[in-house]
Protein chains: 2
Amino acid sequence: MLIDLTIKGFLDKTAGSDPVPGGGSISALNGSIAAALTEMVANLTIGRKKYAEVEDKMREVAGRMAEIRTVLANDIDKDSDAYDKVFAAFKLPKETDEEKAHRSNVIQETTKEAALVPMSVAENAAAIMDTIAYVAHNGNQNAVTDATVAMMAARTCVLGALLNVKINLSSIKDEAFVKELSDKADRLEKEAIAKEQELLTWIKTIL
Amino acid sequence: MLIDLTIKGFLDKTAGSDPVPGGGSISALNGSIAAALTEMVANLTIGRKKYAEVEDKMREVAGRMAEIRTVLANDIDKDSDAYDKVFAAFKLPKETDEEKAHRSNVIQETTKEAALVPMSVAENAAAIMDTIAYVAHNGNQNAVTDATVAMMAARTCVLGALLNVKINLSSIKDEAFVKELSDKADRLEKEAIAKEQELLTWIKTIL
């Protein structure tokens, strides 16, 4: 699995001429990084007298981020696997009418899955942005830049995953499916941009 | 070294209650990712008849990105090491006047280094943004989303590294040093934001 590669090995594999891991897996990695950094800031807050008031909340944050970190880390592989399945579908035989129809169906189904995987990645990363803002404002202030980097990683994850949603939607024929995911993508994109911008504006007032 | 950890191991270590690896190392990682994805897009362009015209240029891009990818990957460790040195300086004895003066000097010197490392990271990542835009526009169009994710990773790298520059500058007494790095940081920040925004605006017109 990709997450069992070393950082160096993963970077080598990304740079190579295989399309996976590509932007989709990198987006999921950034989501997992965002959760990991948020968890770290919560951990650096827990047990400090100065932050006793938010200790319970930070424990809850650390626990939740550990879960989401694992989900998004597993999505690094899931995204690459989904791409491989679309690629395999295009290689199905297309001699007879039956084969053509089957191939076309499999392409549609695997492409839907290749849109749903990054949509789930984008949703998970967008869902932790309020928590990232919370730890930035209320957590250990020595780690405020770490929380801000977490927010930027979350934005890269959301916007990057949505690019992969959109590029797959462009070849899906099921209009209701396309409409539903398009609308959701537009909403998540706006949210992610606004939430990151808000934190970047704030950090400039204190750094 | 951090880059010899598995992705999973690195994420675990990031999430833990040690301040390193933190936002600085994650910024360097994103810079290395940006170079790796750009290299991949170049590699996916080389050897395709449709892109024969840009083949030489893409070979040059792939070679250069491989170098910068390695530099930025090594900065993942360099950033954490620089932080550790500042941390160690604060633990120096401060009983006698001599010890106090020595400690203060070492803190100043290690903090300067802890500002210079992320500044170099930000400069390296900012320097590849034009190349990323080039491969997005001229490389294999099947990989256009990968190039765009590379651009977002580069922006996260630049802005994240600059946060670490700024937080270190806030405790450096050498005014000329602070002014020089501050000015450079402001310029790189504006550049990185504008170059990413330009590509994100363009990709919306084609996706």
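All figures in this text were calculated on a predicted structure; none of them were measured in a lab. (Residues numbered from 1 in each chain as written. Chains lettered and ligands numbered in written order. Predicted model: local features only at pLDDT ≥ 70, side-chain atom pairs only at ≥ 80, totals over all residues. Heavy atoms only, no water.)

1. Describing the overall build of chain A
Working step 1: Each helix and strand in chain A was counted, giving 7 helices and 0 strands.
Working step 2: Starting at the N terminus and walking to the C terminus, you meet the elements of chain A as α-α-α-α-α-α-α.
Working step 3: Counting only C-alpha atoms, chain A reaches 75 × 35 × 30 Å along its principal axes.
Working step 4: Counting all 207 residues of chain A, 54% fall into the buried class. (Helix = DSSP H or I, 4+ residues; strand = E, 2+ residues; numbered from the N terminus. Buried < 20%, exposed > 50% of the residue type's maximum accessible area, 1.4 Å probe, protein only.)

2. Re the relation of the copies chain B and chain A
Working step 1: Superposing chain B onto chain A requires a rotation of 180° together with a translation of 0.0 Å along the rotation axis, leaving an RMSD of 0.0 Å. Here the transformation between the copies is reduced to the relation of a two-fold axis. The C-alpha atom lying nearest the rotation axis in chain B is that of threonine 6 of chain B; the distance is 1.9 Å.
Working step 2: When you check the interface residues of chain B against chain A, 100% turn up at the interface there too, and the contact is symmetric in its surfaces. (Least-squares fit on C-alpha atoms with pLDDT ≥ 70 in both. Contact = heavy atoms within 4.5 Å.)

3. Focus: the packing of aromatic side chains
Working step 1: Applying the stated criterion across every chain, the model contains 2 aromatic pairs over all chains.
Working step 2: On the basis of an interplanar angle of 20° and a centroid distance of 6.3 Å, the ring pair of tyrosine 83 of chain A and phenylalanine 87 of chain A is categorised as stacked. Remark: phenylalanine 87 of chain A and tyrosine 83 of chain A occur in helix H3 (residues 55-90); sequence separation between them is 4 residues, near one turn of the helix.
Working step 3: Here phenylalanine 87 of chain A falls in the partly exposed class, since its relative accessible area comes to 44%.
Working step 4: Above the plane of the ring of tyrosine 134 of chain B lies lysine 57 of chain B, whose end atom (NZ or CZ) is 5.3 Å from the centre.
Working step 5: In this arrangement the basic side chain of lysine 112 of chain B is found over the ring face of phenylalanine 177 of chain B, its NZ or CZ atom lying 5.1 Å from the centre. (Phe/Tyr/Trp six-rings, centres within 6.5 Å; stacked < 30°, edge-to-face > 60°. Lys NZ or Arg CZ within 6 Å of the ring centre and 35° of its normal.)

4. A look at helix H5 (residues 129-138) of chain B
Helical geometry note: an α-helix holds 3.6 residues per turn, so side chains three or four residues apart project in the same direction.
Working step 1: For H5 of chain B, the set of buried residues is Met129, Thr131, Ile132, Ala133, Val135 and Ala136 of chain B.
Working step 2: Looking at the packing, one finds that the buried side of H5 of chain B touches helix H2 (23-45), helix H3 (55-90), helix H4 (97-127), helix H6 (144-169) and helix H7 (175-206) of chain B.

5. So, unusual backbone geometry
Working step 1: Of note, the amide linkage connecting valine 20 of chain A to proline 21 of chain A takes the cis form, showing an omega dihedral of -5°.
Working step 2: Looking at the secondary structure, you find proline 21 of chain A in the loop between helix H1 (7-15) and helix H2 (23-45).

6. A look at the nonpolar core
Working step 1: In terms of nonpolar packing, the biggest core is built from 135 residues, with Val158 of chain A together with Val158 of chain B touching the most fellow members.
Working step 2: Residues contacting valine 158 of chain B, with those up to four places away along its chain left out, are Ala122, Ala125, Ala126, Met129, Leu188 and Ala192 of chain B. (Core = buried A, V, L, I, M, F, W, Y, C linked by side-chain atoms within 4.5 Å.)

7. Details of the environment of isoleucine 206 of chain B
All names here are of chain B.
Working step 1: Here isoleucine 206 is to be found in helix H7.
Working step 2: With 62 residues separating them in the primary sequence, isoleucine 206 and valine 144 have C-alpha atoms 9.8 Å apart.
Working step 3: If we ignore the near neighbours within four places in the chain, the residues touching isoleucine 206 are Gln141 and Val144.

8. Some details on the environment of lysine 100 of chain A
Residue and element names in this part refer to chain A.
Working step 1: Looking at the element boundaries, lysine 100 is found in helix H4 (residues 97-127).
Working step 2: Remark: the alpha-carbon pair of lysine 100 and serine 25, spanning 75 residues in sequence, is separated by 30 Å.
Working step 3: Beyond its immediate sequence surroundings of up to four residues, lysine 100 is in contact with Lys94 and Glu95.

9. Observations concerning the interface of chain B and chain A
Working step 1: Facing 54 residues of chain B, the contacting portion of chain A comprises 54 residues.
Working step 2: For the pair chain B and chain A, the two sides together bury roughly 4,400 Å², of which 70% comes from carbon and sulfur.
Working step 3: When the area that chain B buries against chain A is broken down by residue, the three leading residues are Ile7, Leu11 and Leu163 of chain B, summing to 15%.
Working step 4: Applying the counting criterion to the chain B and chain A interface returns 6 salt bridges. (Buried area = accessible area lost by both parts, 1.4 Å probe. Salt bridge = Lys/Arg side-chain N within 4 Å of Asp/Glu carboxyl O.)

10. Here's the deal with the pattern of salt bridges
Working step 1: Counted according to the given criterion, the structure contains 26 salt bridges over all chains.
Working step 2: Its salt-bridge partner being glutamate 39 of chain A, residue arginine 69 of chain A comes within 2.8 Å of it at the nearest N-O pair. Note that arginine 69 of chain A is positioned in helix H3 and glutamate 39 of chain A in helix H2, a separation of 30 residues in sequence.
Working step 3: Judged by relative accessible area, which is 10%, arginine 69 of chain A ranks as buried.
Working step 4: Members of the salt-bridge network, linked through shared partners, are Lys8 and Asp12 of chain A together with Glu39 and Arg69 of chain B.

11. Here we look at the packing of H5 of chain B against H7 of chain B
Think of two packed helices as two axes; the pair is described by the angle between the axes and how far apart they sit.
Residues and elements named next belong to chain B.
Working step 1: At their nearest, the axes of H5 and H7 sit 10 Å apart, and the two run at 10° to each other. It follows from the interaxial angle that H5 and H7 lie roughly parallel. Side by side, H5 and H7 meet where Met129, Asp130, Ala133, Ala136 and His137 of the first sit next to Ala192, Lys195, Glu196, Leu199 and Trp202 of the second.
Working step 2: Across the contact of H5 with H7, the residue classes break down as 6 nonpolar, 1 polar and 3 charged. (Axes fitted to C-alpha atoms, helices over the stretch in contact; angles between N-to-C directions. Parallel < 35°, antiparallel > 145°, perpendicular 65-115°, else oblique. Nonpolar A, V, L, I, M, F, W, Y, C, P; charged D, E, K, R; others polar.)

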